[in-house]
Amino acid sequence: MSSALTDLFPLPIVQAPMAGGVSVPQLAAAVSEAGGLGFLAAGYKTADGMYQEIKQLRGLTGRPFGVNVFMPQPEHAESGAVEVYAHQLAGEAAWYETELGDPDSGRDDGYEAKLAVLLDNPVAAVSFHFGVPTREVLDSLRRAGTFTLVTATTAEEARAVERAGADAVIAQGVEAGGHQGTHRDVPENDGSGIGLLSLVAQVRETVGIPVVAAGGIMRGSQIAAVLAAGASAAQLGTAFLATPESGAAGPYKQALTDPLFTRTALTRAFSGRPARGLVNRFMREHGPYAPAAYPEVHHLTSPLRKAAARAGDAQGMALWAGQGHRMARELPAGQLVETLAAELAAASTALSTKAKEEARAEARAEARVEGDGR
C-alpha cells in the first residue's frame, strides 16, 4: 500500500460503507480495531445524524475510520415516469398497509451540511459515491488532514477522479452489491459494467494514485488477487453483512445464504438507480418497469421497504448483495478481518512459493539449453 494508506490501517482491508442502516458504529469500530479501515455511511442520514454516529464511533475506537458521502444528483427524471411507477406500486402500499413516500423529498442528501461537519470535525478518510467532488472540496478536506477516495466504475471515471485531486480511487466492479457508483446515470449503459480484475488492471494503467478494489470480494485469496492486479487494498461490503455487528435486519442476513435466493441482479426497482441485490419478488415484478429516477424512486419506495422489514418479509426488501453472497460467514467482524488476513497471508505465501519454483524451473531450463549449445 502507499504510505498514506499504510498510515491509516495496517491491513489492506476496507469495510465498505453500506447505507440504509447497515454500516453502524459498532461494525466500523470492530473492523478498525482489528486492523482494517471501518467506514460509516452518511447516505440517507441528516448531517446531525452523521455527526452523532461519528461521536459514537469515536467512543468505541481510537483507530482511524472513514465516512462515505453521496454526491448531489442532477435533475433529469421525468415526473410523469415517476407518477406512472407510483401508480404501479399502489398495490404494494395497500399490501403493506402504508403510504408511498414523497419522491420530491430532496436531491442533495444534505451534501453541503455534511461537508461542513466533516471539515469542522475531521475524520481519517472520506469517500464519495455517485460522482466527483470539486477540487476545492477535496483540497479543503486534505488541508483538514483527511484522506479522500472517490468511486469509479471505468478507467475514464478514474481519470476524472485523479484530475479532481482525490488521494485514491475505489475501482468498483460490476460484481459489487448495492449501488453502482457511476458518475452519470445513463440507462443505455445498464448491465454493461466491467468485472473487477479487468477494471483494476485498466485503472492501474490509467492513473497514478492508489487503487482500492471493490466488488464481490469474500475471501483473503481474492484480496491477494486484486493486490497482485495492482490494487493497494480491497473493499468488502457483503462479506460484513452477516456479522453480528452489522445493522442489517435478520431476514436480510438470513437471505444471503438462503437457497431460496439463488442469484443477484442489477435493478432500478427500489431506488431508480442501478444497484445489485438478491433477486426477490419485488425486483422481479417491478424491476422491468422502474424508471431512471434517483433519488425520486428511492424516496417513493422507502416506506414500502421499511414496512417489509418490519413484517420480516424479505420478498419486499432491498437485499443489496454482491455476487459472492453465498460465501458470507457469520463471524464477529473483528474475527472476520483476522480470518481474511490469515487467508491473504496464506495465498500470498503460496503465490510467492509458486513464483520461486517457476523461476528455478526456468533457470534450470536455460542452463540445459546453454549446456546443449556447448
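The structure we're discussing is the one just above.
Residues numbered from 1 in each chain as written. Predicted model: local features only at pLDDT ≥ 70, side-chain atom pairs only at ≥ 80, totals over all residues. Heavy atoms only, no water.

**Topic: the overall build of the chain**
- Check the secondary structure of the chain and you find 15 helices and eleven strands.
- In summary, the chain has a C-alpha radius of gyration of 22 Å against a globular reference of 21 Å for 374 residues, a match within 12%.
- Judged by the C-alpha coordinates and their principal axes, the chain covers about 85 × 45 × 40 Å.
- Residue burial in the chain is summarised as follows: out of 374 residues, 53% are buried.
- Residue pairs at least 24 apart in sequence account for 69% of intrachain contacts in the chain once pairs closer than 6 positions are excluded.
- Taken as a whole, the chain presents about 15900 Å² of accessible surface, with 52% of it coming from carbon and sulfur.
- Looking at charge distribution, the chain has the averaged site of its 32 positive side-chain charges lying 5 Å from that of its 41 negative ones. (Helix = DSSP H or I, 4+ residues; strand = E, 2+ residues; numbered from the N terminus. Rg over C-alpha atoms; globule rule 2.2 N^0.38 Å. Buried < 20%, exposed > 50% of the residue type's maximum accessible area, 1.4 Å probe, protein only. Contact = heavy atoms within 4.5 Å. Areas by Shrake-Rupley, 256 points an atom, 1.4 Å probe, with all protein chains shown as cover. Lys, Arg positive; Asp, Glu negative; His and termini not counted. Charge placed at Lys NZ, Arg CZ, Asp CG, Glu CD.)

**Section: the packing of helix 6 (residues 111-120) against helix 7 (residues 135-143)**
- As a packed pair, helix 6 and helix 7 sit with axes 10 Å apart at the nearest point and diverge in direction by 25°. By the criterion of interaxial angle, the relationship of helix 6 to helix 7 is roughly parallel. On helix 7, the residues touching Y111, L115, L118 and L119 of helix 6 are V137, S140 and L141.
- When the residues that make up the contact of helix 6 with helix 7 are grouped by side-chain class, the tally is six nonpolar, one polar and no charged. (Axes fitted to C-alpha atoms, helices over the stretch in contact; angles between N-to-C directions. Parallel < 35°, antiparallel > 145°, perpendicular 65-115°, else oblique. Nonpolar A, V, L, I, M, F, W, Y, C, P; charged D, E, K, R; others polar.)

**Description of the sheet that holds strand 4 (residues 125-129)**
- Taking strand neighbours across the sheet as the criterion, the eight strands line up as 1-9-8-6-5-4-3-2 in an open arrangement whose pairing is parallel. On the outer flanks of this sheet lie strand 1 (13-15) and strand 2 (38-41), each paired with one strand and no other. The mean angle between the axes of side-by-side strands here comes to 25°, regardless of whether they run parallel or antiparallel.
- In the sheet, strand 2 pairs with strand 3 (residues 65-70) via four bridges, with the strands oriented parallel. In the sheet register, A41 faces strand 3, and the bridge partner there is N68.
- Relative to strand 3, helix 3 (residues 47-60) is tilted by about 170°, and along the sheet it contacts strand 2 and strand 3.
- Each of strand 5 (147-152), strand 6 (168-172) and strand 8 (211-214) touches helix 9 (residues 196-204); the most contacted strand, strand 6, lies at about 150° to it. (Pairing = 2+ DSSP bridges.)

**Brief notes about the packing of aromatic side chains**
- Counted by the stated rule, this structure contains six aromatic pairs.
- Ring plane angle 80° and centroid distance 5.3 Å describe the contact between Y44 and F70, whose orientation is recorded as edge-to-face. Within this pair, whereas Y44 is found in the loop between strand 2 and helix 3, its partner F70 is found in strand 3, the two being separated by 26 residues in sequence.
- Since its relative accessible area comes to 30%, Y44 is described here as partly exposed.
- Judged by its relative accessible area of 7%, F70 falls in the buried class.
- Pairing F270 with W320 gives two aromatic rings, centres 5.6 Å apart and planes at 90°, and the pair type is edge-to-face. Taken together, the residues span a long stretch of sequence, with F270 in the loop between strand 10 (264-267) and strand 11 (275-278) and W320 in the loop between helix 14 (296-310) and helix 15 (333-373) at a distance of 50 residues. Pair check on accessibility: F270 and W320 agree, each one buried. (Phe/Tyr/Trp six-rings, centres within 6.5 Å; stacked < 30°, edge-to-face > 60°.)

**Some points on the pairing of strand 2**
- What you see with strand 2 is no split at all: G38 and L40 on one side and F39 and A41 on the other are buried throughout.
- At this point the chain moves from strand 2, through helix 3, to the parallel strand 3, and the crossover so formed is right-handed. (Right-handed = clockwise from strand over helix to strand, strands pointing away.)

**Quick word on the sheet that holds strand 10**
- In space, the three strands of this open sheet follow the order 7-11-10, with antiparallel pairing throughout. Because the sheet does not close on itself, it has two edges, and the strands there are strand 7 (178-179) and strand 10.
- Examined bridge by bridge, strand 10 and strand 11 share four bridges and lie antiparallel to one another. Residue pairing for strand 11: L266 is matched across the bridge by R276.

**As for the pairing of strand 3**
- Taking burial as the measure, the six residues of strand 3 include six buried ones, the bulk of the element.
- Taking every second residue as pointing to the same face, both faces of strand 3 are buried, with F65, V67 and V69 on one and G66, N68 and F70 on the other.
- Note that strand 3 and strand 4 share five bridges and pair parallel. Pairing of V67 across the sheet is with V126, part of strand 4.

**Comments concerning the environment of P187**
- By the element assignment, P187 lies in the loop between strand 7 and helix 9.
- Taking the C-alpha atoms as reference points, P187 and P291, separated by 104 residues in sequence, lie 9.1 Å from one another.
- In this structure, P187 is in contact with R268 and A292, ignoring residues within four places of it in sequence.

**Looking at the pattern of salt bridges**
- Counted according to the given criterion, the structure contains ten salt bridges.
- K45 is the salt-bridge partner of E53, the closest N and O atoms lying 3.7 Å from each other.
- Look at E53 and you get buried, because its relative accessible area is 16%.
- Linking R268 and D190 is a salt bridge whose minimum nitrogen-to-oxygen distance equals 2.9 Å. Of this pair, R268 sits in the loop between strand 10 and strand 11 while D190 is found in the loop between strand 7 and helix 9, placing the two residues 78 residues apart along the sequence.
- Here R268 falls in the buried class, since its relative accessible area comes to 6%.
- One salt-bridge network, held together by shared partners, links E92, R281 and E285. (Salt bridge = Lys/Arg side-chain N within 4 Å of Asp/Glu carboxyl O.)

**A look at the nonpolar core**
- Core analysis: the biggest nonpolar cluster contains 99 residues, and V67, L118, F128, V169, L236 and F240 have the highest contact counts within it.
- Ranked by residues supplied to this core, first place goes to helix 15 with six residues.
- With residues up to four places along the chain from it excluded, the contact list for V169 reads V150, A152, A158, V161, V203, V207, I209, P210, V211 and V212.
- By size, the runner-up hydrophobic cluster in this structure holds 15 residues, among which are L5, A124, L149 and A214. (Core = buried A, V, L, I, M, F, W, Y, C linked by side-chain atoms within 4.5 Å.)

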